[in-house]
2 protein chains.
Amino acid sequence: MGVRALVFDVFGTVVDWRSTVIREGEALGRARGLHVDWAGFAEAWRDGYRPAIDRVRQGELPWKSMDELHRMNLEDVLERFGVEGLGESEKDDFNRVWHRLDPWPDAVPGLVRLKAKFTVATLSNGNVGLLVNMAKRAGLPWDLVLSSELIGHYKPDREVYLKAAGLLGLSPGEVMMVAAHKYDLRAAADAGLRTAFVPRPQEWPNRRIDLSYEDSFDVNARDFLDLATQLGA
Amino acid sequence: MGVRALVFDVFGTVVDWRSTVIREGEALGRARGLHVDWAGFAEAWRDGYRPAIDRVRQGELPWKSMDELHRMNLEDVLERFGVEGLGESEKDDFNRVWHRLDPWPDAVPGLVRLKAKFTVATLSNGNVGLLVNMAKRAGLPWDLVLSSELIGHYKPDREVYLKAAGLLGLSPGEVMMVAAHKYDLRAAADAGLRTAFVPRPQEWPNRRIDLSYEDSFDVNARDFLDLATQLGA
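Please read these numbers as outputs of a predicted model, since none were measured by experiment.

Take the relation of the copies chain A and chain B next. Laying chain A over chain B is done by rotating through 180° and shifting 0.0 Å along the axis; what remains is an RMSD of 0.0 Å. One copy is carried onto the other by what is essentially a two-fold rotation axis. Among all residues of chain A, the minimum C-alpha distance to the rotation axis is found for Leu144 of chain A, at 2.4 Å. The residues that chain A uses at the interface reappear at the interface of chain B in 100% of cases, marking a shared surface.

So, in structure tokens, the structure goes:
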């Protein structure tokens, strides 16, 4: 296929945000004597992400980093779940849970194999500092960190995919987008990128999500190890 | 000192551009029967870099990537050294010698040690694709690639240093600039960054360059291994 670089969606595709937010929420709850449905909390916090991004994309909000959008949404979610009494620095620290997400078990060994054959990069709406802190902690061996923050557009804006290829010095067809989310892959394909779908059934274990393989994607893979095998890495 | 991240000048500080350009020039010369002073050629090509960057910085030229500036200057240098008969694709390939530069012998082992304690990033005027290709080939273990291309300003513009810290989510004082060139360190210090001077006497072996240690830098180190030792990494 002539693919030279793989660019990865991160939240949900590489890392398991849900389990980590639940785990840190439970720890916070124990420390502060809070009784909260942390699974519901985690999902509500994540659910606030797309509408917030869309407000930036549509110009309703000036550019805000993902850290800032998470922090803004955290206030709403704390209120909805009746969590009171946290100080500003406690909230700031909890907001950085998104820097501390655990990878899916196949992510690091899969990336190590893929990195030997391809350039591997993030292509995430997460801000650069968040992605770097996450990678250092989790051992994600990125060749480089590409972020919407560097491009000035959020996915799924077409500019993100085209600019990523341009920064790599490659044509769009030499770059493959890897994601667990079909809307991201469809936008990448529209911009001329190759696509690999890696469904993550545990991202939303209690929600009906379309996890079916599709021939319109160049690759459908069970996980990153299967992706490496299919790409000869 | 509270340093969290080290950002590195690349050309001359991490990689030995001179030897690599000479070696590839000699190989090209043998293949094409050219008789050229390749050491002089390499130095003349590199000498064209700062004036070209300055033309962009002063708005005389629209933004051009380092690849484009090298390619523009290559035409001049080929003419000055009387090299004729190269095709466009041969010139394009030779221009990418800057993607294939060898690191100084201490660079990779020093970065591996430093990476265990700090975030390590490029902060180079080289374009992203160039820096990624170089790192893949040479085994430079960057956590991320920061480039003037991502910031829209060339060093030593103040914006480059401030924006690098901002992208890392750090204050300028938590970031240390590492370079073999004092002008780069002085500009970084003016922006509030910490500084480490690592002189590279073999960058310009036949030219009088100021290689003396200075107390105004936070660290003066013999090489990256010495830098790691001094920083406790």
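This next bit is on the interface of chain A and chain B. With 13 residues of chain A at the contact, the number on the chain B side is 13 residues. Looking at the side of chain A that touches chain B, the elements that each hand over two or more residues are α7 (128–138) and β5 (144–147) of chain A. Split by residue class, the side of chain A that touches chain B holds 8 nonpolar, 3 polar and 2 charged.

Looking now at the sheet that holds strand β6 (residues 219–220) of chain B. All names here are of chain B. In spatial order, the strands read β3-β2-β1-β4-β5-β6; together these 6 strands make up an open sheet with parallel pairing. Taken across any chain shown, the strands that pair with only one partner, and hence form the sheet edges, are β3 (144–147) and β6. Strands in contact with helix α9 (residues 158–167) are β1 (5–8), β2 (119–124), β3 and β4 (175–179); relative to β4, the strand with the most contacts, it is inclined by about 130°.

All names here are of chain A. Per the domain assignment, the segments of chain A are domain 1 (5–16 + 101–230) and domain 2 (17–99). Taking only C-alpha atoms, the centre of domain 1 and the centre of domain 2 are 23 Å apart. Opposite the 16 residues of domain 1 that make contact, domain 2 presents 12 residues. Looking at the side of domain 1 that touches domain 2 element by element, the count peaks at 3 residues for α7. Looking at the side of domain 1 that touches domain 2 residue by residue, the class counts come to 6 nonpolar, 5 polar and 5 charged.

Cut-off values and rules
Residues numbered from 1 in each chain as written. Chains lettered and ligands numbered in written order. Predicted model: local features only at pLDDT ≥ 70, side-chain atom pairs only at ≥ 80, totals over all residues. Least-squares fit on C-alpha atoms with pLDDT ≥ 70 in both. Contact = placed C-beta atoms within 7 Å. Helix = DSSP H or I, 4+ residues; strand = E, 2+ residues; numbered from the N terminus. Nonpolar A, V, L, I, M, F, W, Y, C, P; charged D, E, K, R; others polar. Pairing = 2+ DSSP bridges. Axes fitted to C-alpha atoms, helices over the stretch in contact; angles between N-to-C directions. Domains from an automatic or database assignment.

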